[in-house]
Amino acid sequence: MDYNIRHYVEIDSTNTEAHRLSLQDAEEGLVVVAKKQSAGRGRQGRTWESTDADNLYFSLLLRPTITPQKAPMLTLVMAYSVANVLRKYTAAEIKWPNDLVLAGKKICGILTEMHLDGTAIADVVVGVGINVNQTLFSEEIASTATSLLAQTGRRFDNDKLLLEILRAFEQQYEKFLQAENLSYLQEAYNQILANANREVRVLQPNQAYQGTALGINERGELMVRKEDESIEAVYAGEVSVRGIYGYV
Ligand code: BTN
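This structure is a prediction, so every number in the text was calculated from the model and none was measured.

> Sorry, what's going on with the sheet that holds strand β2 (residues 30–37) here?
To summarise the sheet geometry, strands pair through backbone hydrogen bonds and adopt either a parallel or an antiparallel arrangement. Pairing in this open sheet of 7 strands is mixed, and the strands run β1-β2-β3-β7-β6-β5-β4 from one edge to the other. Two strands bound the open sheet, and with one partner strand each, they are β1 (4–11) and β4 (93–95). Taken pair by pair, the neighbouring strands of this sheet meet at an average axis angle of 20 degrees, ignoring direction. Bridge count for β2 against strand β3 (residues 56–62) is 4 bridges, and the pairing is antiparallel. Bridge pairing in β3 places Val-33 opposite Phe-58. Sitting on the sheet, helix α4 (residues 158–179) is in contact with β1, β2, β3 and β7 (120–130), with an inclination near 30 degrees to β3.

> For this particular structure, what's the right way to read the site of the ligand?
Near the ligand, the surroundings consist of 21 residues, among which Ser-13, Gln-37, Arg-41, Arg-43 and Lys-106 are the closest. A distance of 2.7 Å separates a nitrogen atom of the ligand from a polar atom in the backbone of Arg-41. One nitrogen or oxygen atom from the side chain of Lys-106 is found 2.5 Å from an oxygen atom belonging to the ligand. Coverage of the ligand by the protein chains reaches 98% of its 420 Å² of free accessible surface. For the shell around the ligand, the secondary structure elements donating two or more residues are α1 (14–23), β3, β6 (105–117) and β7. Residue contributions to the shell around the ligand peak at 4 residues, all from β6. Each residue belonging to the shell around the ligand can be placed in one class, and the counts come to 6 nonpolar, 11 polar and 4 charged.

> Please explain unusual backbone geometry as it appears in this structure.
Most peptide bonds take the trans form, and the phi angle of most residues other than glycine is negative. Each neighbour pair has its own omega, and for Trp-96 with Pro-97 the value is -5 degrees, a cis peptide bond. Structurally, Pro-97 can be placed in the loop between β4 and β5 (99–102). Of note, Glu-180 is a non-glycine position whose phi angle comes to about 55 degrees, a positive value. Structurally, Glu-180 can be placed in the loop between α4 and α5 (186–191).

Thresholds, definitions, all that
Residues numbered from 1 in each chain as written. Predicted model: local features only at pLDDT ≥ 70, side-chain atom pairs only at ≥ 80, totals over all residues. Heavy atoms only, no water. Pairing = 2+ DSSP bridges. Helix = DSSP H or I, 4+ residues; strand = E, 2+ residues; numbered from the N terminus. Axes fitted to C-alpha atoms, helices over the stretch in contact; angles between N-to-C directions. Contact = heavy atoms within 4.5 Å. Near = heavy atom within 4 Å. Polar contact = N/O pair within 3.5 Å; in protein donor to acceptor, adjacent residues only side chain to side chain. Areas by Shrake-Rupley, 256 points an atom, 1.4 Å probe, with all protein chains shown as cover. Nonpolar A, V, L, I, M, F, W, Y, C, P; charged D, E, K, R; others polar.

Listed below in structure tokens is the structure:
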């Protein structure tokens, strides 16, 4: 993939900007990076604190020729790619489907947004926020957020980190487009899955239940063993999975 990186000092949201450029026919591989976001967005309508210029905020524009139901798997492909880069320096793990955690706290969040043209995918924007060199967090997130600097004691170069992530993602994306599922990744992913063998509470719009997270299947769904021993495959759409004994 040919990446085309656009740097901004400040933007509302890199996801929003990537989509605006997509509407102007930007090509797959466009990367929007900002030092700060004035309206950074998280999943489920939450905001993503993005005032600290020491962090990495970027969005990647993709135009995969897959069916829309398969698009949520791209979040997992990105999470795995970022995890592999961060694991060169730390013991980061994946919290399914869209977070990375380190020392039990969140270090990265991913927001994947798809836009359709009729029933086909027009674009998928994968937005990534990584706490890199931030040391002070707002009261709301201080107990659940951490950064690379806070955990390792060293500062990281955001541009280098971005290039490493893009290189890692490119390899995974190629394999994903060939397989159109996560069979090639499932085992490696499950090995760095923070939720594995933990008690989780699954919150879906119409139901909530508790169980033990087992790992992902080849569709990227989280397999959860419920209290009655039945196994539920949780789709990474509008769902939130919480640890029973803490954030993970
Ligand atoms: C989450 O954990 O809820 C997802 C957070 C995603 C944040 C990133 S920062 C870059 C990109 N632009 C946004 O507005 N959000 C994503």
